[in-house]
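Overview (structure and organization)
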Amino acid sequence: MSKEYILSIETSGSILGIGISDSANTIAKVEYFLPNLHDRLLAKTVKAVMDDLNISFESVKAIAISAGPGSFTGLRIGLAFAKAICFDEAIKFIPVPVLDAFALSASHYLTTLNCTKIVASVPSHKNLLYYQVYDQDLNPKCEIIMDEKENFHTMDFKNTLLVGNFEPFNADYVSINALNNLNISNVMEFAKLQYQNNIFTNPVDYVPIYVQDFVPKGYKQ
């Protein structure tokens, strides 16, 4: 029986990441840490990695792509590439919400750090950011919120593991440096779980999570 692979792609932020895995194990990953490389290097990097591993698209059973929130341009580049490959649904499509991926990776540390909730965040533009609150079982406690950083910094972070790309500030929270920037490993972990559970999405009409129309509202504790 031929091997079944998942191709994972991260383009939601400044990092361009490509990963190859099966349903349980990471096989290869490549990351570029310079901005504005997504459109130029995405396709050629995928081809180079697959050629090096002697993997054809016939063996790729699913493509996972970071689905936002994040860079509008980056999300569109990644999604266009993934949709082109999944157009006939022979290869399954797995969108990876960025905040959910952060929360999944963070969940492994909750007991050790004595935290009872997770707050995942990513920057938007100017003084704005997106965030979402999760309980210990990774259930979202609110919708994705777009708010001003000043409001975010006044939240109650007691017993909270704060993950994502945020500016450090004086508050009662716990953080882990390895979880302060989304990387391809976060995307791959979420993708493997979705693949194991046969959770796929029709790529035809899928739209990334842009979370526009800023209306400050905050999270009610």
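Thresholds, definitions, all that
Residues numbered from 1 in each chain as written. Predicted model: local features only at pLDDT ≥ 70, side-chain atom pairs only at ≥ 80, totals over all residues. Heavy atoms only, no water. Pairing = 2+ DSSP bridges. Helix = DSSP H or I, 4+ residues; strand = E, 2+ residues; numbered from the N terminus. Axes fitted to C-alpha atoms, helices over the stretch in contact; angles between N-to-C directions. Contact = heavy atoms within 4.5 Å. Parallel < 35°, antiparallel > 145°, perpendicular 65-115°, else oblique. Phe/Tyr/Trp six-rings, centres within 6.5 Å; stacked < 30°, edge-to-face > 60°. Buried < 20%, exposed > 50% of the residue type's maximum accessible area, 1.4 Å probe, protein only. Salt bridge = Lys/Arg side-chain N within 4 Å of Asp/Glu carboxyl O.

Points about the sheet that holds strand β5 (residues 92-96)
Pairing between the strands of a sheet is mediated by backbone hydrogen bonds and can be parallel or antiparallel. Overall, mixed pairing links the five strands, which are arranged β3-β2-β1-β4-β5 in an open sheet. Lying at the two open borders of the sheet, with one neighbouring strand each, are β3 (26-32) and β5. Between one strand axis and the next, the sheet turns through 15° on average, direction left out of account. Note that strand β2 (residues 16-21) and β3 share six bridges and pair antiparallel. Looking at β3, one finds that I18 is bridged to V30. Along the sheet, helix α1 (residues 38-52) makes contact with β1 (5-10), β2, β3 and β4 (60-66), crossing β2 at roughly 20°.

Overview of the packing of helix α3 (residues 98-107) against helix α6 (residues 184-196)
Geometry of a packed helix pair, given as the angle between the helix axes and the separation of the axes. Where α3 meets α6, the axes come as close as 9 Å, and the angle between the chain directions of the two elements is 90°. With respect to α6, the axis of α3 lies roughly perpendicular. Residue-level contacts link D100, A101, F102, L104 and S105 of α3 to N186, E189, F190 and L193 of α6.

Quick look at the sheet that holds strand β8 (residues 145-148)
Pairing is mixed in the open sheet, where four strands are placed in the order β8-β7-β6-β9. Lying at the two open borders of the sheet, with one neighbouring strand each, are β8 and β9 (160-164). Ignoring which end each strand starts from, the neighbouring axes of this sheet average 30° apart. As judged from the four bridges shared by strand β7 (residues 128-135) and β8, these two strands associate in the antiparallel manner. Counted as the bridge partner of Y130 is M146 from β8. Lying on the sheet, α3 is in contact with β6 (117-123), β7 and β9; it crosses β6 at an angle near 140°.

Digging into the packing of aromatic side chains
Using the criterion set out here, one finds 11 aromatic pairs in the structure. Between F157 and Y173 the ring centres are 6.1 Å apart and the planes differ by 70°, which places this aromatic pair in the edge-to-face class. Placement of the pair is F157 in the loop between α5 (149-152) and β9 and Y173 in the loop between β9 and α6, with a sequence separation of 16 residues. Looking at F157, the relative accessible area reads 2%, which means it is buried. Seen from their ring centres, F169 and Y173 are 5.0 Å apart, and the 40° between their planes marks the pair as tilted. Considered together, F169 and Y173 belong to a single accessibility category, that of buried residues. Pairwise contacts between aromatic rings join Y131, F152, F157, F166, F169 and Y173 into one cluster.

With respect to the pattern of salt bridges
Within the structure shown, the criterion is met by three salt bridges. As a salt-bridge pair, K3 and D22 come within 3.3 Å of each other at their nearest N and O atoms. Highlighted residues: K3 in the segment before β1 and D22 in the loop between β2 and β3, separated in sequence by 19 residues. The residue K149 makes a salt bridge to E167 at a minimum N-O spacing of 2.9 Å. In this pair, K149 sits in helix α5 while E167 sits in the loop between β9 and α6, placing the two residues 18 residues apart along the sequence. Residue class for K149 comes out buried when judged on its relative accessible area of 16%. Accessibility expressed as a relative area gives 44% for E167, which makes it partly exposed.

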